[in-house]
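Residue strings, one per chain:
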Amino acid sequence: MNESPGLSALCENSSEVFLDASKLLLTYADNILRNPNEEKYRSIRIGNPTFSTRLLPIRGAVECLFEMGFEEAETHLVFPKTASVEQLRRIRESIAAKRDQRLAAGQTTSCLQATASQQPPRATSDPVAPPLSAAQTAEIITQKNTMRFLKTLQANSQHVLVYESPALQQKALACIPHQQLRVAAQDKLEQARKADSECNLMEEDLLMLELLRWFKEEFFTWVNCLPCSNCGGETQSSGSLSPSADDLCWDAHRVENHHCQSCQLSTRFPRYNNSEKLLETRKGRCGEWANCFTLCCRALGLEARYIWDSTDHVWTEVYSISQRRWLHCDPCENVCDQPLLYEVGWAKKLSYIFAFSKDQVVDVTWRYSCKHKEVLSRRTQVQEGWLMQTVNGLNSVRQQSLSPERRKELQERLLMELVEFISPKAPKPGELGGRTSGSLAWRTARGETGDTSLKAEEFVFVPTEAEKRTKVFHLRYSVTKDCYFRVSNGQEELQGWEQGTWRREAVFRKVEDDWQMVYISRTEGSSSGKISWKFDCQPVGLKIKTVSVRASSQTFHSGSVIWRMHSGQDTIEFSGDSKMHSAPSLSGSTELIVEAELSGGDGLSSWQHSQLFRCSLKEPESSSFEILIDMVEA
C-alpha cells in the first residue's frame, strides 16, 4: 500500500519527535479499535494539553488523524460512527510499521536517554535533592513560556469562532445603523470616484471607515474609572473583587474595584470578554473595544480578524478586496491603515503580534514594525521553529473542512502578506502621534504617550496645474468631517487633520462623545501646543496677490489662543472670530504660514481650555478653517 501523505510528512520529523507522536497516534487508534462503542474514545479535545503540545505542532500528525477518519468539530476532533474502521486500521498499521522500523534501526538512543533522565532519582541517605543547574532552570522556564504562549494562541484561535454565530451577528446588526452607514459609504465612494476617475475602492472600504467612526463616536465608551454607582462622583481603581456567578457566565474572570473617596462605596467593573454582553454594556478598554468591534465587522459581512499584541493591546484587521490586503483598524483611536502607530507613535517595544480569524492564524508582527532587527532581538519567549510548527498545526486543523478554492485563496493572501513583510515601511504622518484613548496617567504608565523626539512630516500646499491656471488657491477644513477640501482643485479631499499640517506640537483632535462636540486642543498634560499650515507658490512661478484667512477658536477660564499669519519677516496676528481676515502686507510674498498657539487654562483640565474649531457633531458644519489666496505671475 502506498504511504499516505500524512505519514510521509510525519516521517520527516526527527526520530525522537516521530516516536513520541506515533506512540500517541497509535494510542488514539487502539482505544477506538478496542472499545468501538465507547464515545469518549472517539473524541479528542483540541485544547487538551497532550494533544496540543505533542501532536498539534508536529508535522504530519494531525493529517494522520484526518486520514484515519477523524473530522473537525467546533472544539474537538471527532471519529464519527459512519467512519470506516478499516481505514483507521490501515493507517494505524502503516504508522506502527514505520515505528517498528525506527526502533529496529536502533535510532532511539536519544529518546531513551531523555526518558531515563526524567525518572525520579533513587532514594539516598541525603533527603535534599541536588540543586538544578543553570541549564535545567533555563529549560524549565522555556517550557513554561512555551505552554503559556500555546494557551494564548489556542484561546484566541478558539475565541474568534464566536463571531461566526448567525444569532450573535443578528443581535449585533440590530445595534448598528447599517443602512445609514451604507448610504454614507456610498456617498463618499461617489465623491472619491468623481475626484479620481481611476479610483478602485469598493463600498466595503468606505463602509469600514464609517463603522470605525460610528463605533468610536456614537456607540462605545472608554472607561478609566466608572462613576460611583451611589453618588455619581469620581472613583479610583483599588484592586480587584471576586467575580460573581453572573460575571463568570459572561466571561468576566476579572472584576475591578472602583472606590469612591466621597461615600466610601465600591463600584464593580467586570471586564467582560463576551462580545454579546458588550453589545449591551458598550464600554471598556481596548480588550472590550476590539472584541465588540470585530463582531460588528463580521455582522456587516466584512472579513475581519482579531489582532493580539503581546505588549498588551488588541485591535482589528479588515480585508480589502479592492486593495487585496489586510488593513489595520483600531476602534479605540478611530484610525485605519496606520500600522506603525504603535511602534513609532506610541513608542511600544513590539515582539509578537498575531492575527486570528475563523480560517487562519498569522504572525503579522512585521506589518507593525519598521525596526525588524530590534523586534527580532526581543522575540525570545519561544523558539521560532516551534512557533512556526504550532501555527501551521493550528491552521491545518482549522482549514481541514474548507474547500480547495478557499484554501488556495488563503494561501495566496498569505504569500502576499509575506512579501509585504519583507521590506520595513517608513512611518506616515498619522502614525507619529502618541495614544489618545485613556487617561494621561494610564497612557503614561503604559509608556504610550509617544516619542516626543519624533517630528511629523512637514506638509506644504503647492498650487496644482489647475490652480496655476486660475491663479486661485482656496482651502477649507471641516473638523466634524475631519477633512480638507481643496475647493480650487475640483473639491479635492484630504482626509485627516494632521495630513495637511506643516508643523504641530502637542495637539490632537478631541471628540467628546458625552457632549457630542469635536475640536482640536492641546494634548493632556501639556502646557502649550502649536499647529501651523504652509502654502508655497514659488515652485510654480507665482506670488501672492491677496490673502484672506478665516479661523475659529474658543477659550475657557484663562485659556489662550493666538493666531498668526506670517511670511519671511512679516507677521500679522488676527482673532479666531470666524471672520475673514486679510493681510495686505503679505502681497508679493511667495509663501504663507498660518499658525495657532494654544496655552493657559486652569487645573487638571487646562489642556481643554483653549480649543480650535469647536463644533457640535449634531449640527451641519461647512468649514472651521479657510484660506483664500489670489496669485499673480512672479
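Our subject is the structure that appears above.
First, a word on scope: everything that follows refers to the structure included in this document. (Residues numbered from 1 in each chain as written. Predicted model: local features only at pLDDT ≥ 70, side-chain atom pairs only at ≥ 80, totals over all residues. Heavy atoms only, no water.)

1. Some remarks on the overall build of the protein
Helix and strand counts for the protein stand at 18 helices and 29 strands. For the protein, restricting intrachain contacts to residue pairs at least 6 apart in sequence, the fraction spanning at least 24 positions comes to 68%. (Helix = DSSP H or I, 4+ residues; strand = E, 2+ residues; numbered from the N terminus. Contact = heavy atoms within 4.5 Å.)

2. Some thoughts on the sheet that holds strand 7 (residues 266-270)
Sheet architecture is open: 3 strands sit in the order 5-6-7, paired in antiparallel fashion. The open sheet has two free edges, formed respectively by strand 5 (235-241) and strand 7, since each of these has just one partner strand. Strand-to-strand twist of the sheet, defined as the mean angle between neighbouring strand axes without regard to direction, takes the value 30 degrees. The pairing of strand 6 (residues 255-260) with strand 7 spans 5 bridges and is classified as antiparallel. Residue pairing in the sheet places Val255 in a bridge with Pro270 of strand 7. (Pairing = 2+ DSSP bridges. Axes fitted to C-alpha atoms, helices over the stretch in contact; angles between N-to-C directions.)

3. Regarding the sheet that holds strand 13 (residues 353-356)
One open sheet holds the 6 strands; their spatial order is 12-11-10-9-13-14, and the pairing between them is antiparallel. Bordering the open sheet on either side are strand 12 (335-336) and strand 14 (361-363), each of which pairs with just one other strand. Bridge analysis of strand 13 against strand 14 gives 3 bridges, and the strand direction is antiparallel. If you follow Ala355 over to strand 14, its bridge partner there is Val362. Strands strand 9 (304-309), strand 10 (313-320) and strand 11 (325-330) of the sheet are contacted by helix 13 (residues 286-299), whose axis makes an angle of about 20 degrees with strand 10. Across the sheet, helix 15 (residues 384-399) is in contact with strand 13 and strand 14; its angle to strand 14 comes to roughly 155 degrees.

4. Focus: the environment of Cys64
Tracing the backbone shows Cys64 in helix 4 (residues 61-68). Each residue touching Cys64, except ones within four places of it in the same chain, is listed here: Gly6, Leu7, Leu10, Leu25, Ile91 and Ile95.

5. With respect to the nonpolar core
One finds Phe51, Leu65, Leu211 and Phe354 to be the most contacted residues of the largest nonpolar core, which totals 89 residues. Excluding residues within four positions of it along the chain, Leu211 makes contact with Ile176, Leu181, Phe293, Cys296, Cys297, Leu300 and Leu302. Among the nonpolar cores identified, the runner-up in size contains 38 residues, and Val479, Phe535, Val561 and Trp563 belong to it. (Core = buried A, V, L, I, M, F, W, Y, C linked by side-chain atoms within 4.5 Å. Buried < 20%, exposed > 50% of the residue type's maximum accessible area, 1.4 Å probe, protein only.)

6. Describing the pattern of salt bridges
Going through the model one piece at a time under the given rule, you end up with 47 salt bridges. Close ionic contact of Glu417 with Arg367 constitutes a salt bridge, the shortest N to O distance being 2.8 Å. Note that Glu417 is positioned in helix 16 (residues 404-422) and Arg367 in the loop between strand 14 and helix 14 (372-378), a separation of 50 residues in sequence. No difference in accessibility class separates Glu417 from Arg367, as the two residues are buried. (Salt bridge = Lys/Arg side-chain N within 4 Å of Asp/Glu carboxyl O.)

7. Details of unusual backbone geometry
Of note, the phi angle at Asn334 is positive, near 55 degrees, even though the residue is not glycine. With respect to the helices and strands, the residue Asn334 is situated in the loop between strand 11 and strand 12. Among the residues examined, Asn334 registers a relative accessible area of 25% and is labelled partly exposed. The backbone phi angle of Ala506 is positive, close to 60 degrees, even though this residue is not glycine. With respect to the helices, strands and loops of the structure, Ala506 is situated in the loop between strand 19 (503-505) and strand 20 (507-512). Judged by relative accessible area, which is 27%, Ala506 ranks as partly exposed.

8. Structural notes on the environment of Thr235
Its place among the elements puts Thr235 in strand 5. For the pair Thr235 and Ser266, spaced 31 residues apart in the sequence, the C-alpha separation amounts to 8.3 Å. Among the polar contacts listed, one links the side chain of Thr235 to the backbone oxygen of Leu226, at a separation of 2.5 Å. (Polar contact = N/O pair within 3.5 Å; in protein donor to acceptor, adjacent residues only side chain to side chain.)

9. Concerning the pairing of strand 13
Taking every second residue as pointing to the same face, both faces of strand 13 are buried, with Ile353 and Ala355 on one and Phe354 and Phe356 on the other. Across 4 bridges, the pairing between strand 9 and strand 13 is antiparallel. Across the sheet, the residue bridging to Asp309 is Ile353, located in strand 13. Hairpin geometry of strand 13 and strand 14 is characterised by an intervening segment of 4 residues between the two adjacent antiparallel strands.

10. Describing helix 5 (residues 85-104)
Along its 20 residues, helix 5 runs 28 Å from first to last C-alpha, staying within 8% of the 28 Å computed at 1.5 Å per residue. Structurally, helix 5 contributes buried residues whose contacts are with helix 1 (5-10), helix 2 (15-34) and helix 4. Measuring from the side-chain oxygen of the N-cap residue of helix 5 to the backbone nitrogen of Glu86 gives 3.4 Å; that N-cap residue is Ser84. (Expected span 1.5 Å × (residues − 1).)

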